[in-house]
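# Topology and contacts: notes
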Amino acid sequence: MNKTMNFVSPLALVAVLVAVWWTTVVQSGSIIFPTPWDVVLATMELARLGTLWDHIASSLLRVGAGFLLAAALAIPLGLLMGWFKGVFATLNPIIQILRPISPIAWIPLAILWFGVGNLSPVFLIFLASLFPIIVETAAGVHTMERQYIRAAHNFGVSGLTLFSQVVIPAALPHIITGMRISLGVAWLVVVAAEMIAMRSGLGYLIIDSRNAGNRYDLVVAAMVIIGLTGLLLDILMRQLEKIKGVRWRYAR
Amino acid sequence: MHVKIVVRDIRKSYATEKGPLTVLAGVDFTVAHGEFVALVGPSGCGKTTLLNNIAGFERPDRGEVIVNGSPVTGPSRQGILISQLGSVFPWLTVQQNLMFGLKGMLKKDTKRIAQHYIELVGLKGFEQSFPYQISGGMLKRVELARALAVRSEILYMDEPFAALDALTRIRLRIELLQILSKERHTCLLVTHDVEEALHLADRIIVLAPRPTKVDSIVEVQMAHPRRLPSSEIQQLKEEILQKLGVDTEMNDTFLGGSLSGAAWDSSYRPNEGNE
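Source: prediction; values computed, not measured.

Right, let's get into the overall build of chain A. Assigned secondary structure in chain A consists of 11 helices and 0 strands. Projected onto its principal axes, the C-alpha positions of chain A cover 75 × 55 × 30 Å. Out of the 252 residues in chain A, the part that is buried amounts to 41%. Expressed as a percentage of contacts within chain A between residues at least 6 apart in sequence, the contacts between residues at least 24 apart total 71%.

This part takes up the overall build of chain B. Helices and strands together make up the secondary structure of chain B, namely 9 helices and 10 strands. Within chain B, the fraction of its 275 residues that count as buried is 56%. In chain B, of all internal contacts separated by at least 6 residues, the share reaching a separation of at least 24 is 68%. Entry remark: accessible area of chain B is about 12,200 Å², with carbon and sulfur atoms responsible for 52%.

Of all hydrophobic cores here, the largest spans 123 residues; its most connected members are A:Leu124, A:Val166, B:Phe36, B:Ile204 and B:Ile240. No other element matches the 15 residues that helix α8 (residues 159-193) of chain A contributes to this core. In this structure B:Phe36 touches B:Met157, B:Leu176, B:Leu180, B:Arg184, B:Cys187, B:Leu189, B:Leu200, B:Ala201, B:Asp202 and B:Arg203, once residues within four positions along its chain are discounted. B:Cys45, B:Leu50, B:Val65 and B:Leu207 belong to the second-largest nonpolar core, a separate cluster that totals 26 residues.

All right, on to the pattern of salt bridges then. All chains considered together, the criterion is met by 21 salt bridges over all chains. Where B:Arg184 meets B:Asp202, a salt bridge forms, and the shortest distance between an N and an O atom there is 3.5 Å. Here B:Asp202 lies in the loop between α6 (194-200) and β9 (203-208) and B:Arg184 lies in the loop between α5 (166-182) and β8 (186-191), a separation of 18 residues in the sequence. Here B:Arg184 falls in the partly exposed class, since its relative accessible area comes to 49%. When its relative accessible area of 21% is taken as the criterion, B:Asp202 is described as partly exposed. For the salt bridge of B:Glu195 with B:Lys237, the shortest nitrogen-to-oxygen distance reads 2.5 Å. Taken together, the positions of B:Glu195 in helix α6 and B:Lys237 in helix α7 (residues 231-243) put the pair 42 residues apart, joining distant regions of the chain. Of the two residues, B:Glu195 and B:Lys237, both sit in the buried class. Residues joined by salt bridges that share partners form a network here, namely A:Arg180, A:Asp234, A:Arg238 and A:Glu241.

This part is about the sheet that holds β8(B). All names here are of chain B. One open sheet accounts for 6 strands, arranged β6-β7-β8-β3-β9-β10; its pairing is mixed. Across the chains shown, the open sheet's two edge strands, defined by having one partner strand only, are β6 (79-83) and β10 (213-219). Recorded for the sheet is a direction-independent mean angle of 20° between the axes of neighbouring strands. The pairing of β6 with strand β7 (residues 154-158) spans 5 bridges and is parallel.

All names here are of chain B. The strand order β2-β1-β4-β5 describes an open sheet built from 4 strands, whose pairing is antiparallel. Every interior strand has two partners, whereas the edge strands, β2 (19-32) and β5 (70-71), have only one. Relative to β2, strand β1 (residues 3-16) runs antiparallel, the two being bridged by 11 bridges. Directly across from Ala-15, in β2, lies its bridge partner Pro-20.

Spanning 35 residues, α8(A) covers only 42 Å between terminal C-alpha atoms, well under the ideal 51 Å at 1.5 Å per step. At A:Leu172, α8(A) shows its largest bend, some 50°, and a proline, A:Pro173, comes one to four positions later.

Residues and elements named next belong to chain A. Two elements in contact, helix α3 (residues 51-83) and helix α9 (residues 202-211), have axes separated by 7 Å at closest approach and are oriented at 130°. In terms of their interaxial angle, α3 and α9 are classed as oblique. Along its contact with α3, which presents His-55, Ile-56 and Ser-59, the element α9 presents Leu-202, Tyr-204 and Leu-205. Residue composition of the contact of α3 with α9, by class: 4 nonpolar, 2 polar and no charged.

What follows deals with the interface of chain B and chain A. Size of an interface: often given as the accessible area lost when the parts come together. Every contact between the two is made by 24 residues of chain B and, on the other side, 21 residues of chain A. By the criterion of area lost to chain A, the three top residues of chain B are B:Trp91, B:Phe100 and B:Tyr132, representing 37% of everything that side buries. Where chain B meets chain A, there are 0 salt bridges. Scanning the region where chain B abuts chain A turns up 7 residue pairs in polar contact (both at pLDDT 80 or more). Elements represented by at least two residues in the side of chain B that touches chain A include exactly β6 and α4 (136-149) of chain B. Residue contributions to the side of chain B that touches chain A peak at 3 residues, all from β6(B).

Residue and element names in this part refer to chain B. For α5, with 17 residues, the first-to-last C-alpha span of 25 Å sits near the 24 Å given by 1.5 Å per residue. Buried residues of α5: Ala-166, Thr-168, Arg-169, Ile-170, Leu-172, Arg-173, Leu-176, Leu-177, Ile-179 and Leu-180, and no others. In the core, the buried residues of α5 are packed alongside β3 (36-40), α3 (107-120), α4, β7, β8 and α6.

Take the packing of aromatic side chains next. All names here are of chain A. Taken as a whole, this structure holds 13 aromatic pairs over all chains when the rule is applied. Here Trp-106 and Trp-113 contribute two aromatic rings whose centre-to-centre distance is 6.5 Å and whose plane-to-plane angle is 50°, an arrangement assigned as tilted. Classification of Trp-113 by relative accessible area gives partly exposed; the value is 48%. A ring pair is formed by Phe-114 and Phe-123, whose centres lie 4.9 Å apart and whose planes are at 45°; its orientation type is tilted. Taking relative accessible area as the criterion, Phe-114 reaches 33% and is therefore assigned partly exposed.

Further remarks concern a nonpolar patch on the surface. All names here are of chain A. Taken together, the side chains of Trp-22, Val-26, Trp-37, Val-40, Leu-41 and Met-44 make up a nonpolar region of the molecular surface, amounting to roughly 570 Å² of accessible area. If you list the elements that add at least two residues to the nonpolar patch, you get α1 (3-28) and α2 (36-49). Here the nonpolar patch gets 4 residues from one element, more than from any other, and that element is α2. The class of Met-44 is partly exposed, set by a relative accessible area of 48%.

Cut-offs used in this document
- Residues numbered from 1 in each chain as written.
- Chains lettered and ligands numbered in written order.
- Predicted model: local features only at pLDDT ≥ 70, side-chain atom pairs only at ≥ 80, totals over all residues.
- Heavy atoms only, no water.
- Helix = DSSP H or I, 4+ residues; strand = E, 2+ residues; numbered from the N terminus.
- Buried < 20%, exposed > 50% of the residue type's maximum accessible area, 1.4 Å probe, protein only.
- Contact = heavy atoms within 4.5 Å.
- Areas by Shrake-Rupley, 256 points an atom, 1.4 Å probe, with all protein chains shown as cover.
- Core = buried A, V, L, I, M, F, W, Y, C linked by side-chain atoms within 4.5 Å.
- Salt bridge = Lys/Arg side-chain N within 4 Å of Asp/Glu carboxyl O.
- Pairing = 2+ DSSP bridges.
- Axes fitted to C-alpha atoms, helices over the stretch in contact; angles between N-to-C directions.
- Expected span 1.5 Å × (residues − 1).
- Bend = angle between axes of the 7 residues up to and from the residue.
- Parallel < 35°, antiparallel > 145°, perpendicular 65-115°, else oblique.
- Nonpolar A, V, L, I, M, F, W, Y, C, P; charged D, E, K, R; others polar.
- Buried area = accessible area lost by both parts, 1.4 Å probe.
- Polar contact = N/O pair within 3.5 Å; in protein donor to acceptor, adjacent residues only side chain to side chain.
- Phe/Tyr/Trp six-rings, centres within 6.5 Å; stacked < 30°, edge-to-face > 60°.
- Patch = residues over 30% accessible without salt bridge, like charges linked within 9 Å, V, L, I, M, F, W, Y side chains within 5 Å.

Right, dumping it as structure tokens:
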């Protein structure tokens, strides 16, 4: 497959889907469900009012805060779990129990603890981001080639220097993968988190548009924006894979 | 020449499901300063375990290893291990890999030393390359240069060239000999390739397998550069292979004489290419 093909075929598929959507809405004569053009108009309306950028910014800020807090805790924790068998044995069972609980299930507790302000969604995103980074980081340390540690010992490198110069660089590609997965999950969760009474964010926009007179054009517009922003976030995270010190992992 | 390494009656067993498995059953030998000694034995005979015990990565159950007059208690820069697996750090450039072992010195000095050894192993121009950007043979040169850069007195080599293709392997042997003629190091090589041992070593210690003991010691007194097809080398090769339990008579009859190295190799190690 050549490069034009990579670009043309997905665009063609999107065009087909939009066409199907459009004809279906027109054929069915629905007055609530928007046509693609209605969605474009709704997006432009939001952009004109300036609320579009506010909603995106609020969501991104919440995701950013929760995600960074999670990374700050999960990376050291994952490294310790990967390095010390005792830490792994102690923490892993609890993590494996907490991990399958959807962050959505935490909403009632979040409201109880943090109220309906900004803290609740940040907490939920923190929870969602935490586990993929912990698990991937620990796996990165576990799967690192033992001969690197032997070589470091051979050159008289041990303790904290060994950790910073060998263990962390060896695990870094895994850490980055964990962060990519986390950010994807965090973006997934922010919408749900913002459905708790709040005055901003893309999740709020969806619920508010529906409640305020069935504005399904705005609902779908918000959905499309969520999808596109998620894609941009992933492209951004992929840039981390281009750091020189981790290219070895992705180069082959 | 004084004695560099003394290996005294080292023994090692491992616990397995079927009870203790003795791998090393009392190994004794010495290596002189600047000497190149090869340990040969069949695959899986405990050669790697033996080398790990000597280099300090494992502790023997009994016996001791003495280097420069003091007992070995763990790995150190005094003796660097170069293994088949390779341990060049993939997240560092060639230059940074060489500088890794030189921590604690002035950066200016480490750069100069790294550069010297990069040029010695013929990697000038690849200083800023990452390991994934260079070939397996070059990677081995980096590993060798990194060991030389810390002025390691001893090079422990565990089948260092086994993962490379036949041509690269021979080229690296010749380069290793050239480097050793400039900077003499004590070398202890583990290999199952008798020809490699005959090419490089001053003395060859033939190991009896499982549990590993010293079977016999063969002196290789030929000067470098050595001609592998020469009759002395082929005679020694035959002698060693016989000790290792390979029936050379059969091959002589069927493959047309022991002087043809190619026939030899294909009978002894069918996976290897001819030379």
